[in-house]
Amino acid sequence: MYRRDLRDTRTDDLLADAATAEMAEQVVPEPEGNRLAYAVSREHRTDLYLRDGDQTRKLTNRGVLAQRYTHFDPRWFDWHPEGDEIAYAGEGDDGLSVWTVETETGEKTRVTNHDAADSNPRFSPDGDEIAFVTDNWSPGSLAVASADGGRVEVLCDDEFLYADPRWADDDTLYAVRTRHRDRSDRASQVVRVSRSGDVEPIFASDSVNAYAPRPRPAPDSSTDTDEIAFVHDASGFDAIYLTGPDRAEPEQLLAERGTDFGAPAWDTAGETLAVTATRQGDVSVRTVAREPAGETATLTDEPGDRYFPEWHDGDVLAVAGGPATPPEIRNLSTGERVAGRPPAGLDSRFVDPEEISYESTGGVEIHAMVYLPEGNDEADPDSIPLLVHPHGGPTSFDGYEYNYRAQYFAAQGFAVIEPNYRGSSGFGREFRNRNDFAWGEGDLDDVVNAADALADAYPAVDPDRAGIFGGSGGGLMTVNALGRTDRFDAGAAFYGVYDYETFVDDTDDVGWRLMKRELGFPATDVENYREASPIRSVPDVDAPLLVLHGEEDVRVPLSQSEQLVEELEKHGKTYEFQTYEDEPHGFLKRENVLDAYSRVADLFAKYLAVDPDDGSSRPHRKQDGE
């Protein structure tokens with residue numbers, strides 16, 4: 001379907017360096033101490049590290065669960081109150097279990113011993129117990145184990161999924177819960193759970209998302225407080241609230257139209273919160289005082305991507321990244337890097353993204369990020385081909401984050417636009433809900449219209465040479481765009497859902513709940529599933545399509561791409577199918593990332609670039625397994 005090495009191969013080292021950079025996931029300071037525990041991912045593994053002054057030690061080597069998965073921002077690992085152990089969810093021979101590791105010796109103890117996945121471990125204030133979330137009884141049960149692993153008991157095993165447990169005292173926890181039939185970014189509750197398992201809703205409202213309960217620390221040892229900070233979106237945007245026995249209703253502490261606040265973290269005195277603030281693709285961090293209520297200060301001045309703020313010795317630490325910087329641990333109060341090793345010279349090889357807005361179908365305003373090749377401002381009109389890259393999710397968004405994919409294609413000479421189509425997060429509840437029961441409608445229009453918006457905004461961009469690529473939800477959007485419009489000349493679809501009716505049979509619990517939320521129940525809404533399925537539009541696909549999938553994907557099983565390819569073959573379409581061993585939902589290994597995206601670059605070089613060959617290209621010879 002294309003020649004190999006037709007792309008500019010000189011930028012392959014950029015892709016390899018950028019894709020394998022170390023990326024920090026979370027930092028947790030030692031209680032009443034100076035040490036830091038933090039998690040770092042590289043390629044296919046995440047592990048824990050301990051920072052003690054200028055010294056850093058690796059604490060695990062088999063992988064831990066620590067990632068930014070949803071806006072809940074739970075703490076993935078936790079210190080023992082005395083600082084001698086850290087609890088985490090780690091990989092064993094039979095899945096994810098709760099473990100502890102001694103900070104001095106590195107000795108590990110397995111706390112839970114069952115086949116089901118565990119997560120979110122939290123030590124009790126006295127250090128004798130660990131609360132955690134587990135699938136051992138039912139998905140998302142809330143359980144407690146003795147810290148030595150001698151006893152495990154379930155607290156909540158009901159029709160709810162529990163998450164993000166936080167101890168208020170040795171007898172009380174706060175947590176988030178969501179009905180199994182709902183999704184966590186649509187309707188969730190904040191609850192108080194007694195040690196005996198009694199559950200009391202603290203905030204619960206139909207169709208309102210509440211999360212991140214953070215018990216307020218007592219200002220001193222002589223003061224008791226039952227006050228908590230948490231987040232809910234009843235106002236239309238995520239806002240910070242306080243509640244407690246002295247308040248009949250939650251009190252709004254921080255709200256701002258157009259901004260989603262989240263991840264509240266108290267300082268040790270219980271007087272000030274650090275929070276994230278998401279607005280138009282930028283995730284900043286602010287502090288907000290309890291008294292005088294709502295007094296704020298912004299700790300960041302450049303657009304970027306920050307999450308998991310934590311207080312340490314009066315300063316605010318967070319995971320922080322940017323368009324040219326992989327996520328690292330930074331002291332936002334001083335601006336210093338605390339931990340992280342960005343590849344040398346990476347920032348000089350990356351471009352600074354820009355943001356634009358355009359009007360889409362129905363007058364809906366769409367925000368988008370744009371990556372332009374070097375020298376675009378001096379390029380001839382219509383000299384730069386364009387690529388549209390829709391994100392997955394769909395409740396995700398593209399902003400000022402570390403983005404090696406877009407940077408790679410900009411280095412290849414393409415202009416890349418990443419539209420935050422309707423259904424994206426970070427723009428308020430109403431916008432996030434706009435594609436419910438309407439997949440492949442207005443959201444697809446937003447993605448297709450992004451091509452014209454990019455060309456209209458930059459004269460050097462050629463509107464007539466356009467490609468599209470994306471993964472997961474972006475993969476299905478790619479196939480929809482090729483089958484339902486003639487706007488694009490080529491496409492690449494990564495691990496997407498192409499037949500929703502069969503997808504519900506094979507996906508994991510998260511995928512199943514997503515389908516119920518977005519499309520309804522097959523028994524009553526099967527036409528929604530069929531109408532939204534990109535596979536139905538395959539007969540109308542005229543552009544060449546590259547299909548890529550990981551063989552160990554449980555979220556979107558390989559069978560989805562196999563069904564798509566079978567349909568492409570049946571209708572005589574131009575395509576190539578490439579699979580990767582040991583890859584889950586998203587490619588992680590260096591060699592696979594390099595192979596996959598260089599194939600996409602070769603595809604776009606053939607169908608979009610003018611005279612791309614520098615003499616190094618060669619015919620593509622199919623290898624074993626292709």
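Attention here is on the structure that accompanies the text. (Residues numbered from 1 in each chain as written. Predicted model: local features only at pLDDT ≥ 70, side-chain atom pairs only at ≥ 80, totals over all residues. Heavy atoms only, no water.)

Side note on the overall build of the protein chain
In terms of helices and strands, the protein chain carries eleven helices and 36 strands. A compact globule built from 626 residues would reach a C-alpha radius of gyration of about 25 Å, and the protein chain, at 24 Å, matches this within 12%. Its C-alpha atoms give the protein chain principal-axis dimensions of roughly 75 × 55 × 50 Å. Buried residues in the protein chain amount to 60% of all 626 residues. Counting only carbon and sulfur atoms, one obtains 41% of the accessible surface of the protein chain, whose full area is about 24600 Å². Each charge class in the protein chain was averaged separately, 60 positive and 125 negative side chains, and the resulting centres sit 2 Å apart. (Helix = DSSP H or I, 4+ residues; strand = E, 2+ residues; numbered from the N terminus. Rg over C-alpha atoms; globule rule 2.2 N^0.38 Å. Buried < 20%, exposed > 50% of the residue type's maximum accessible area, 1.4 Å probe, protein only. Areas by Shrake-Rupley, 256 points an atom, 1.4 Å probe, with all protein chains shown as cover. Lys, Arg positive; Asp, Glu negative; His and termini not counted. Charge placed at Lys NZ, Arg CZ, Asp CG, Glu CD.)

A short note on the sheet that holds strand β34 (residues 490-494)
Spatial ordering of the open sheet is given by β29-β30-β32-β31-β33-β34-β35-β36, a layout of eight strands whose pairing is mixed. The strands lining the two open edges of the sheet, one partner per strand, are β29 (354-359) and β36 (575-580). Strand after strand, the sheet turns through a mean of 25° between neighbouring axes, direction not considered. Bridge count for β29 against strand β30 (residues 365-371) is six bridges, and the pairing is antiparallel. Note on β30: the bridge partner recorded for Glu355 is Met369. Those strands touched by helix α3 (residues 404-411) are β30, β31 (384-388), β32 (415-420) and β33 (461-471), and its axis lies near 150° from that of β32. (Pairing = 2+ DSSP bridges. Axes fitted to C-alpha atoms, helices over the stretch in contact; angles between N-to-C directions. Contact = heavy atoms within 4.5 Å.)

Let's talk about the environment of Leu454
With respect to the element layout, Leu454 can be found in helix α5 (residues 442-457). Between the C-alpha atom of Leu454 and that of Phe350, which follows or precedes it by 104 residues, the distance is 20 Å. Beyond its immediate sequence surroundings of up to four residues, Leu454 is in contact with Val370, Leu386, Ala415, Val416, Ile417 and Val461.

Some words on the environment of Asp506
Within the secondary structure, Asp506 is located in helix α7 (residues 500-506). Along the primary structure Asp506 and Asp170 are separated by 336 residues, whereas in three dimensions their C-alpha atoms are 41 Å apart. Those residues in contact with Asp506 that lie beyond four places of it in its chain are Val554, Pro557 and Ser559. A polar side-chain atom of Asp506 sits 3.2 Å from a polar atom in the side chain of Ser559. (Polar contact = N/O pair within 3.5 Å; in protein donor to acceptor, adjacent residues only side chain to side chain.)

Brief notes about the pairing of strand β9 (residues 118-123)
Where burial is concerned, most of β9 is hidden: six out of the six residues are buried. Strand direction decides the pairing type here: β9 and strand β10 (residues 129-134), joined by four bridges, are antiparallel. Note that in β10 the partner of Phe123 across the bridge is Ile130. Taken together, β9 and the strand that follows it, β10, pair antiparallel across an intervening segment of five residues, in which Gly127 is found at a positive phi of about 80°.

None of this, on its own, says anything about what the molecule does.
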